[in-house]
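Here are the chains, one letter per residue:
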Amino acid sequence: MTKIGTDIHLARQLLMEGQLVAVPTETVYGLAGNALDTRVVSEIFRVKDRPSFDPLIVHTDSLVRVKDLTGDIPVVLARLADRFMPGPLTLLLPKTEKIPDLVTSGSPKVAIRIPDHPLTLTLLGQLDFPLAAPSANPFGYISPTSAQHVFDQLNGKIPYILDGGQCSIGLESTIVDYDQGQVVILRKGGIAIEEIEKVAGKVKVMESSTSRPSAPGMLDQHYAPAITLTLDPLAEVLTRVNPAKIGLLVFNKIRSELSPSQQLVLSPDSSLQEAAQNFFSFLRRLDKMDLDIIVAETVPEVGLGQAINDKLKRAARKTNS
Ligand code: TXA
Ligand code: MG
C-alpha cells in the first residue's frame, strides 16, 4: 500500500535509501529517484513501464547545481534559465560525467529543470543528489496533477506520494534545446512560446516526430485516455454514436445538444491558465465515465492554448480499435 502525506523527512529518507517517491511540481507530479544511481534510475523505467530509449528529466533546486551537472550553457539558454527557473522550463544542456548515460538514454545532453513547488524545492535542498523524474503516470497515459491521480495508478508500486495539492500549472514543462545556433522547442508546455520568444527571440518549434523523436513527448500517440478521443465536430459524431455514450470536453460553455452531466467545461471564464490546470484531471474524469467516445473541442491557439491543442491532437491520434 502506498502512503500519501506531506512528510518531507520521510520522503528524504526513502530517497536516500534508493527508493522511489512521487513528488509534486507546479506542472505535474513526478516519479522521483536518485538521478546519480543507475539502479534507482532503472527502477523508475520499470515502474513507469517506460522504454529505456525515452530519457528522463533531472530535477534540482538551484542554478548553481544546474551548472554543476552540466557543461557550457549557451548564452541564450542561460538567459531563459535566469528568467524562468524555478518554473515550467526544461533545458537540454551538455551533461557532465556525473549524470549516468541511462538517464539521458545515451544522449550527450541532459534535460534539466528546477521545479517551482515549495515542498519539492525544500526536499531537493535537503538532498545531496538531483532527482530523475518522469511524469508519475504509466507510459502513454494522462499525466497526474494530484496525489490521488498518482495513487490511482501507482498504488502498491512505490512507498510514498508527497502530497503538494493540485498542480498550479497543470501541463508539463516546455522543453527547450539549442541546436546549430537556434533555440528549438521540443515540447510545448507550461510556458507559452510567446513568453520564451520575449527572452530568446524567434524560436523553431518541432511540431511532430516520426520514429526517433528527440523528445518522445512528441510521439504521435501520447497523453491518451483509454476511451477513444476525437476532435471531430459533435454534430458528425451524433450521427454515428448513441448520445448517452458521448462525453464532451469544452472550452468555455456547455453545448445544448447533450446533457450537462456528460460535459466538462475547462474554463467558464475563458482563461487558458484555468483550462490548463483542469485539462489532465478532466480527461481522467471523462475516462472514468461509462462512455464510448470523448469529443473534445480545441481551445484558442494562443499562449498555453497551443500546448493544450497539441496534447488534444496527440490524444486523438490514438485508436483503440
Ligand atoms: O513538467 C515536467 O517536465 C514533468 C515534471 C515531473 O517535471 N516531467 C515530465 O517528464 O514531463 P516526462 O518524462 O514525462 O517527459 C520528459 C520528456 C520526454 O518526452 C523525454 O523524451 C524528454 O523529456 N527528454 C528527457 N531527457 C531528454 C534528453 N536528454 N534529450 C531529449 N529529450 C529528453
Ligand atoms: Mg510524461
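Residues numbered from 1 in each chain as written. Chains lettered and ligands numbered in written order. Predicted model: local features only at pLDDT ≥ 70, side-chain atom pairs only at ≥ 80, totals over all residues. Heavy atoms only, no water.

A few words on the sheet that holds strand E1 (residues 3-5). The mixed open sheet is built from 11 strands, whose spatial order is E1-E8-E2-E3-E7-E4-E6-E5-E9-E10-E11. Every interior strand has two partners, whereas the edge strands, E1 and strand E11 (204-205), have only one. Two elements, strand E10 (residues 182-187) and E11, share 2 bridges in a ladder whose sense is parallel. Across the sheet, Val 184 pairs through a bridge with Lys 204, a residue of E11. Relative to the sheet, helix H6 (residues 147-154) contacts E1, strand E2 (21-23), strand E3 (30-34) and strand E8 (160-162), its axis offset from that of E8 by approximately 165°. (Pairing = 2+ DSSP bridges. Helix = DSSP H or I, 4+ residues; strand = E, 2+ residues; numbered from the N terminus. Contact = heavy atoms within 4.5 Å. Axes fitted to C-alpha atoms, helices over the stretch in contact; angles between N-to-C directions.)

On to the pattern of salt bridges. Throughout the structure, instances matching the rule amount to 18 salt bridges. A salt bridge links Asp 54 to Arg 50; its shortest N-O distance comes to 3.1 Å. A single burial state applies to Asp 54 and to Arg 50, both of which are buried. One salt bridge in this structure joins Arg 240 and Asp 232, with 3.0 Å as the shortest N-O distance. Judged by its relative accessible area of 46%, Arg 240 is partly exposed. Residue Asp 232 is classed as partly exposed on the basis of its relative accessible area, which comes to 32%. Here the residues in one salt-bridge network are Asp 232, Glu 236 and Arg 240, joined through shared partners. (Salt bridge = Lys/Arg side-chain N within 4 Å of Asp/Glu carboxyl O. Buried < 20%, exposed > 50% of the residue type's maximum accessible area, 1.4 Å probe, protein only.)

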